[in-house]
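# Overview (structure and organization)
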Amino acid sequence: MRLRHLAALVASLLMLALVQTPSSEAAATRPVAITITKVRCVDDCRNEGLEAAGESAADFFAEVWIDGVDLPRTPRAPDDQELVEPFWPKGHDVPDTRTQVPISVQIWDWDTTSGHDNGDASPRNNDNNLDITVDLATGRWTGDVNWPQSCAIGDGNQDDDEDEPRVEICFDVSTDTTSGDADGDGLLDGWERNGYNDNADATIDVDLPRMGADPRHKDLFVEMDWVGNRVPTRAAVAEIRAAFAAAPENAGGVANPDGDRGITFHLDMGGLPDIDLREAGMPQGTCNDGVDNGGGDAIDGADVTDCFYRSGSVEDPPPGDCGDNTDNDNDGRPDALDPDCLVADDFGALARGNPLTGQGTTQVCGLNQAFFDIKNQFFDQARRFIFHYGISVAGAAGCTKGGQGRIGGGIFVDHNNSGRTIFHELGHNLDLHHGGVDENRCKPNHVSLMNYDHRPGVPRQGGGVILDFSPPRIALDGSDRGRAPLAPITENMLNENTIVDPRDTENRFIFVDATGAKAPHDLDANPDWNGDGDDPPFENPVIANVDTVGANGRPPRVPEHQHDRHAAGSG
C-alpha cells in the first residue's frame, strides 16, 4: 500500500476536463477550500488493517487535489488515534470562469518503516479516493457523496485488491476563502451558508442560515440553560450584545469581510419570556442620549436606578405588557409568543435552551462532574462545534466560585446570576486570562471585564457601567476606543503627574492607593496614587501596592498589561 499520487492526479484531471470552461485570456481567480473536520477508522486499525501488528493505531494525514492541483499534504494528526477531528483546511485559487471544481482527497496512515498506508474513503468499489465536484455558485457538491451529506465511508470491498481498510472522512467546502473560514469566527463558511450536518446522513443538523449566521461577519452562538429564576435580564443580554457588536472589525486577528465592526451575539435560551418587556419592543439607547426620558429625575448614567448598563438598560422604562394575555402590537403573537418578549434570541423551532430541574442541579460547582452530567443530558452533541454552552445555577453547598469558563473552550457556568459573569466567562472561552495573557486579576492598567476589580463592569465617568474587553470603547458603538496596551506601572515609582490614558474621556480604572483604599478613578485625570485626596500638588514618587485589596505590600511589583482585543476571537 504505497502512495498513489499518479492515479489520483489522473482522476482529478479527467474530472477537470469535464467541468472547466475554456478561456482565451488570463482570468481572475476565486478561492476554493475543503476543510477535513473528522477522520475515523471504520475497520480495525490498531495492530491490523491500516496498521501492521505491533504498530498501535493510525497516525492520520491527508492528500488533497483541488482543480487538478496536488496541494501540500496536511500535518499529521496526533499519533495512535482511531478518531481525530483535525480541521485541516486546504485551499486553492481557481479561475473565476470556472463554474464547477473537482476535489479529491486521500486519507493515509503515516508509517516511515513500511511505507504510508492508504485508507478507503470512497463509497465506490475499486476506489479509495473521496471525489466530489463543487458548484461555485452555491458551494454545494456532488460526487461520491452529495450535499448535504458531508461524510463519506469507504466501501471496503475485501474481495477487491484495490480497496483498502475503510475510513470515514467528514468535511466542509468554502468558496469564500482558501482558509475555509473567511471571517475567522471558527464557523466554517459552508456551515454558515448552507448549514451543518454532523453525520453521514442527508439532514442538516444545525441550520445556521436560519439562525442568522453570516460567513462575512463574525458570529458567536451561545446556548444557556438555567435553574429556577436564575436568568439574566434582558438589559444584561442587550449589554452583552452591544459589547460584541462594537468589537473592532479585526477582533481575533481576522477582519470581517463585510468591512463592518463587531461580532453578532446569538443567545439561545429557548422561549424564556420576561413579563416586564413590551410586545412592541423596548426603547433603545435611552441611557446615552443626553435626555431625561421620563422627566423629573436624572439623565443617562446619573439615573442610577435605571441606567446601570449604559448600552443595554432603558431609562425610565415604560410598563411591561408581556404578561397581560393580550396581543398588544396586533402581530398575532401575544406575550411569550412575541419575540420582543423573550430574554434572548428568537430561535423558534430551532431553540434548544432549557429550564433545568432535578437533584443534579444542586451539585454544580464550576465545571465539575455535575456540570458535565447536565451538559451530556441536555446539550445537543451536533452543536458542539458551533455553540458555547453555559448553565446559570446556584453553586452547590460550600461552593465559593462565582462562575467558571474553560480557557479556549466552549463551556461555562454562572453562579452569580449576572450578565457580567456570563461576559467574563465567555472571555475565558475566547482564550482571555484575568490579566489578558496572565492571571494577575487586579491590574489597574488592564481595563477589562476580565479584571476582577471591574465588577460588575467598567465604570463610566457619567455613571453606570459597560461590559467590554480591553481596550474599552469610548464611544458606545466602538468607533473610538481607549489606548492599549497601557504603560506598565512600577509600584515603587508611581508618578501622579502621569495620566494613564489621556484620550479616554469616558471610562474609569480601579486601583488600591497607598492608604489601602480601592476606588475608581478617571482614566484621563491625574491618579491619586497616595490617596491623600489633596491634589495638586501631584506627588512623585509614590509607593503603593496598587493591584491588591490589602495595605501596602512588599516587594513592589510591576503590573504589565496586555490588551484583549487581538487575542479574542469567536468559535
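Because the structure is a prediction, the values reported are computed rather than measured. (Residues numbered from 1 in each chain as written. Predicted model: local features only at pLDDT ≥ 70, side-chain atom pairs only at ≥ 80, totals over all residues. Heavy atoms only, no water.)

Once that is clear, we can look at the state of the cysteines. A complete count under the given rule lists 5 disulfides for this structure. Disulfide pairing places Cys365 opposite Cys399 at an S-S distance of 2.1 Å. Handedness here is read from the sign of the S-S torsion; for Cys365 and Cys399, about 80°, the answer is right-handed. Of the two residues, Cys365 is situated in the loop between strand S14 (355–356) and helix H5 (369–378) and Cys399 in the loop between strand S15 (387–392) and strand S16 (403–405); the sequence distance between them amounts to 34 residues. Taking the relative accessible area as the measure of exposure, Cys399 reaches 19% and is therefore buried. Each bonded cysteine of the chain is numbered by sequence order, and under that numbering the disulfide pairs are 1-2, 3-4, 5-6, 7-8, 9-10. (Disulfide = S-S within 2.5 Å. Helix = DSSP H or I, 4+ residues; strand = E, 2+ residues; numbered from the N terminus. Buried < 20%, exposed > 50% of the residue type's maximum accessible area, 1.4 Å probe, protein only.)

Moving on, we get to the confidence of the model for the chain. Taken as a whole, the chain shows an average pLDDT of 90; of its residues, 89% reach a score of 70 or greater. For residues 550–556, every residue scores under 50 in pLDDT, and the model assigns this stretch 13 contacts once sequence neighbours within four places are set aside. Across residues 566–571 the pLDDT falls below 50, and counting only partners more than four positions away or on other chains, this stretch makes 22 contacts in the model. (pLDDT = per-residue confidence, 0-100. Contact = heavy atoms within 4.5 Å.)

A few words on the nonpolar core. Phe244, Phe265, Leu267, Met269, Phe423 and Trp529 are the most contacted members of the largest nonpolar core, which totals 46 residues. Residue assignment for this core shows that the elements contributing at least two residues are strand S12 (219–227), helix H4 (234–245), strand S13 (264–268), helix H6 (419–429), strand S19 (465–466) and strand S20 (508–512). Those residues in contact with Phe265 that lie beyond four places of it in its chain are Leu220, Val222, Ile240, Arg241, Phe244, Asp345 and Leu426. Formed by 33 residues, the second largest nonpolar core is a distinct cluster that contains Val32, Ile66, Leu71 and Ile169. (Core = buried A, V, L, I, M, F, W, Y, C linked by side-chain atoms within 4.5 Å.)

Another point: the environment of Asp535. Tracing the chain through its elements places Asp535 in the segment after strand S21 (518–522). Judged by relative accessible area, which is 26%, Asp535 ranks as partly exposed. Ignoring sequence-local partners within four residues, the contact set of Asp535 consists of Glu496 and Asp528.

Turning our attention to the pairing of S21. Two elements, S20 and S21, share 5 bridges in a ladder whose sense is antiparallel. Considered in S21, the bridge of Ile510 is made with Pro520. Counting the residues that bridge the hairpin from S20 to S21 gives 5 residues, and of these Gly516 lies at a positive phi of roughly 90°. (Pairing = 2+ DSSP bridges.)

It is worth spelling out the side chain of His434 at this point. Considering the arrangement of structural elements, one finds His434 in the loop between H6 and strand S18 (458–459). For His434, a relative accessible area of 6% gives the class buried. Side chain to side chain, His434 and His424 meet in a polar contact 3.4 Å long. A polar contact of 2.4 Å, which involves the side chain of His434, links it to the side chain of Glu439. The contact partners of His434, leaving out residues within four places of it in the chain, are His424, His428, Glu439, Asn440, Arg441, His446, Met450, Asn451 and Tyr452. (Polar contact = N/O pair within 3.5 Å; in protein donor to acceptor, adjacent residues only side chain to side chain.)

Right, let's talk about unusual backbone geometry for a bit. Excluding glycine, residues mostly carry a negative phi; peptide bonds, for their part, are mostly trans. Put simply, Pro536 and Pro537 share a cis peptide bond, and its omega is 5°. Looking along the chain, the bond that leaves Asn540 and enters Pro541 is cis, with omega of 0°. Within the chain, Phe87 stands out as a residue other than glycine whose phi angle is a positive 50°. Mapped onto the elements, Phe87 comes out in the loop between strand S4 (83–84) and strand S5 (88–95). Of note, Asn330 is a non-glycine position whose phi angle comes to about 55°, a positive value.

Moving on, we come to the packing of H4 against H6. Two elements in contact, H4 and H6, have axes separated by 9 Å at closest approach and are oriented at 35°. Helix-helix and strand crossings are classified by hand; for H4 and H6 the assignment is right-handed. Residue-level contacts link Ala236, Ile240, Ala243 and Phe244 of H4 to Gly419, Ile422, Phe423 and Leu426 of H6. Counted by class, the contact of H4 with H6 contains 7 nonpolar, 1 polar and no charged residues. (Axes fitted to C-alpha atoms, helices over the stretch in contact; angles between N-to-C directions. Left-handed = near helix turned anticlockwise from the far one by under 90°. Nonpolar A, V, L, I, M, F, W, Y, C, P; charged D, E, K, R; others polar.)

Okay, the pattern of salt bridges next. Applying the stated criterion across every chain, the model contains 26 salt bridges. Across the pair Arg193 and Asp176 runs a salt bridge, and its minimum N-O distance is 2.5 Å. Taken as a pair, Arg193 in helix H2 (residues 189–194) and Asp176 in the loop between strand S11 (167–174) and H2 lie far apart in primary sequence, 17 residues in all. Given a relative accessible area of 38%, Arg193 falls into the partly exposed group. Between Glu506 and Arg460 there is a salt bridge, and its shortest N-O distance comes to 3.8 Å. Taken as a pair, Glu506 in the loop between S19 and S20 and Arg460 in the loop between S18 and S19 lie far apart in primary sequence, 46 residues in all. It is possible to trace a salt-bridge network through shared partners that takes in Arg124, Asp127, Asp131 and Asp144. (Salt bridge = Lys/Arg side-chain N within 4 Å of Asp/Glu carboxyl O.)

What follows covers H4. For H4, which comprises 12 residues, the first-to-last C-alpha distance of 16 Å matches the rise-based estimate of 16 Å (1.5 Å per residue) to within 8%. Along H4, the residues that are buried comprise Ala236, Val237, Glu239, Ile240, Ala243 and Phe244. Viewed end-on, H4 has its buried residues packed into an arc of 160°, placing them on one side of the element. Contact partners of the buried residues in H4: S12, S13, H6 and S19. (Expected span 1.5 Å × (residues − 1). Arc of directions from axis to C-beta.)

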